[in-house]
Amino acid sequence: MSSSSTMSAPAPPSPRVDPPSAQIPWQAAIAIVPILLTVYQTLVLTDVTSDAIRKGIEGDKYAMLWTNVAWGIATLYGVFAGLWAMPRYGARIMLQIGLVWFAAGNFLCGAAVDVPTLSAAKLVEGIGKGLVIILCRSTLYRQFDRMVIVAIGFYGVTAYATRPTTPLVTALVNDALSWRWIFWINIPFALLAIPLVRRFIKPDRPSKPLLLQIDWLAVTLLAGWAVSLVFSFGWYRKWGGWASNDFSLAAMLAIVLPLLLVFRVGSGVRADEHIRRIFRVRSYVLAMCVRMLLLVQLLAVLTLVAEYLIELRDYPREVAGWLLAPATVTMATSTFLTTYFRRRSLRHFWLLVGVLGSAGSLWWLSSLDSFTSKEQIALMMGCWGLFVGLLPPSFLQ
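Basis of the calculations
- Residues numbered from 1 in each chain as written.
- Predicted model: local features only at pLDDT ≥ 70, side-chain atom pairs only at ≥ 80, totals over all residues.
- Heavy atoms only, no water.
- Phe/Tyr/Trp six-rings, centres within 6.5 Å; stacked < 30°, edge-to-face > 60°.
- Helix = DSSP H or I, 4+ residues; strand = E, 2+ residues; numbered from the N terminus.
- Buried < 20%, exposed > 50% of the residue type's maximum accessible area, 1.4 Å probe, protein only.
- Lys NZ or Arg CZ within 6 Å of the ring centre and 35° of its normal.
- Expected span 1.5 Å × (residues − 1).
- Axes fitted to C-alpha atoms, helices over the stretch in contact; angles between N-to-C directions.
- Parallel < 35°, antiparallel > 145°, perpendicular 65-115°, else oblique.
- Left-handed = near helix turned anticlockwise from the far one by under 90°.
- Contact = heavy atoms within 4.5 Å.
- Nonpolar A, V, L, I, M, F, W, Y, C, P; charged D, E, K, R; others polar.
- Salt bridge = Lys/Arg side-chain N within 4 Å of Asp/Glu carboxyl O.
- Core = buried A, V, L, I, M, F, W, Y, C linked by side-chain atoms within 4.5 Å.

Structural notes on the packing of aromatic side chains
Taken as a whole and assessed by the stated rule, the structure comprises 13 aromatic pairs. When the ring of Tyr-40 is compared with that of Tyr-155, the centres are 5.7 Å apart and the planes differ by 90°; the resulting orientation is edge-to-face. Linking Tyr-40 in the loop between α2 (20–36) and α3 (50–56) with Tyr-155 in helix α7 (residues 148–161), this pair joins segments that are 115 residues apart in sequence. Judged by centre distance (6.2 Å) and plane angle (5°), the rings of Tyr-77 and Trp-216 are stacked. One end of the pair, Tyr-77, is in helix α4 (residues 65–89); the other, Trp-216, is in helix α11 (residues 216–234), with 139 residues separating them in the sequence. Since its relative accessible area comes to 28%, Tyr-77 is described here as partly exposed. Looking at Trp-216, the relative accessible area reads 33%, which means it is partly exposed. Here the aromatic cluster, defined as three or more aromatic residues joined through ring pairs, consists of Trp-66, Phe-231, Trp-235 and Trp-239. In this structure, Lys-374 packs its charged tip against the face of Tyr-315, placed 5.0 Å from the ring centre.

Okay, structure coming up:
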């Protein structure tokens, strides 16, 4: 009797232990946070402090264009270098290499003494940024696997919605320390991200390296086209328009180089299956167009409004940063809610609302003048951020 009752007694419940794989996605997300808060913010890093940096290195306003050109070219080559290296060595190790370049570049930027040294430092920083941004998002998505929608929301809020707040942070850093610390403050975050990536990102080095061919001549044509456009618009007044041979040369290159690029890619002179596969997938091309629209909006709106606040209204940098910051709250809210209540059938609807709403917000922002109140400026930025926040979930999926 006693033996049968003993055998029928239920076994005590074992303590519930979460499998290690359940913790990996969030650990990977934490590892990515320092990257999203530093590398991804350089696009708007100096919106309200560019004059402080220029005065710090005693640079001419027109000469500062060289620093932007150096950074843009290096970022472009870094992106394609990341595409070339990832199938050979894996994304995790290339992320770490990119972070080393980024940290070194920020150290050199903070130590610059004139325009040439700052331009050279921007080359180093740009290579690191390009290596990181082309690999970070896809690496994060792979960690979440079937929970990729969570990664989309996390990435959209952390990488994009935080950018309107970055000018405020740099203004506070500049006022508390100096313009050099705008760059140097990124170094500990970049170095912190290296062991976190190594510890929490799954190893992905291929057992058999794949050889992805990159048409570097096409990349050079693309870089040359971008440079000619930048100088054509940036130095138009300095050169005196079409009366200048220099401007005429830059303008002609801006017309000829894209034609050569189209011929190079489309004529089959050099086989580049990666680029051709990209253009065959219409949804991917549309997603990249929406992403470029978002980046242009972030760059143009934040930069122009920052210049308006500082140069025309003569507001302190900190005040200008606070007036830009409301866009972060509304952008993060709309991105989070659109991701949380995701309906694939409504994806195109929210994309249309985001595009039309942001266009309407830009029209409203165009009415800014010397008498617009601070409250109205903050309201305009908040409205703009609300609609722009609808764009990331549409192209990140």
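Details of helix α17 (residues 326–340)
Every α-helix winds through 3.6 residues per turn, so residues three or four apart in the chain are directed the same way. With 15 residues, α17 extends 21 Å between its outermost C-alpha atoms, agreeing within 8% with the 21 Å of an ideal straight helix rising 1.5 Å per residue. When α17 is considered as a whole, its buried residues turn out to be Ala-327, Thr-328, Met-331, Ala-332, Ser-334, Thr-335, Thr-338 and Thr-339.

Comments concerning the packing of helix α5 (residues 91–110) against helix α10 (residues 186–200)
Two quantities define a packed helix pair, namely the angle between the helix axes and the distance between the axes. Taken N-terminus to C-terminus, the directions of α5 and α10 make an angle of 165°; their axes are 9 Å apart at the nearest point. In terms of axis orientation, α5 runs roughly antiparallel to α10. α10 is crossed by α5, and the crossing has left-handed handedness. Touching Arg-92, Leu-95, Gln-96, Leu-99, Val-100, Phe-102, Ala-103, Asn-106 and Phe-107 of α5 are Asn-186, Ile-187, Ala-190, Leu-191, Ala-193, Ile-194, Val-197 and Arg-198, all from α10. Split by residue class, the contact of α5 with α10 holds 12 nonpolar, 3 polar and 2 charged.

Describing α4
Relative to the 36 Å expected for 25 residues at 1.5 Å per residue, α4 spans 35 Å between its end C-alpha atoms, a close match to the ideal helical length. In the segment just after α4, Gly-90 is the residue with positive phi, at about 95°.

Here we look at the pattern of salt bridges
It is possible for side chains of opposite charge to pair when their charged atoms get near one another. On inspection of all chains with the given rule, the structure shows 2 salt bridges. Residue Asp-51 is joined to Arg-317 by a salt bridge in which the shortest nitrogen-to-oxygen separation is 3.1 Å. With a gap of 266 residues between them, Asp-51 in helix α3 and Arg-317 in helix α16 (residues 317–324) connect regions that are remote in the sequence. Overall, Asp-51 belongs to the buried group, its relative accessible area being 19%. Take Arg-317: its relative accessible area is 21%, and that puts it in the partly exposed class. Residues Lys-122 and Glu-125 are paired through a salt bridge, measuring 3.8 Å at the closest nitrogen-oxygen approach. Of this pair, Lys-122 and Glu-125 both sit in helix α6 (residues 115–144), 3 residues apart, which is roughly one turn of the helix. Of the two residues, Lys-122 and Glu-125, both sit in the buried class.

Quick look at the packing of helix α18 (residues 347–365) against helix α19 (residues 374–388)
At a closest axis distance of 7 Å, the pairing of α18 and α19 adopts a crossing angle of 160°. Taken as axis vectors, α18 and α19 run roughly antiparallel relative to one another. Judged by the sense of rotation from one axis to the other, the crossing of α18 with α19 is left-handed. The segment α18 lies against α19, with Val-353, Gly-354, Gly-357, Ser-358, Ser-361, Leu-362, Trp-364 and Leu-365 engaging Gln-376, Leu-379, Met-380, Met-381, Cys-383, Trp-384, Phe-387 and Val-388. Residues belonging to the contact of α18 with α19 are distributed by class as follows: 11 nonpolar, 5 polar and no charged.

Concerning the nonpolar core
Within the largest apolar cluster, 66 residues are counted, with the highest numbers of intra-cluster contacts made by Ile-35, Tyr-40, Leu-99, Leu-309, Met-381 and Trp-384. With sequence-adjacent residues up to four places away left out, Met-381 is seen in contact with Val-301, Leu-302, Val-305, Leu-323, Leu-324, Ala-327, Thr-330 and Leu-365. Of all hydrophobic cores here, the second largest spans 14 residues; its members include Ala-52, Leu-118, Val-173 and Phe-183.

Note that all results are geometric; they support no functional claim without further evidence.
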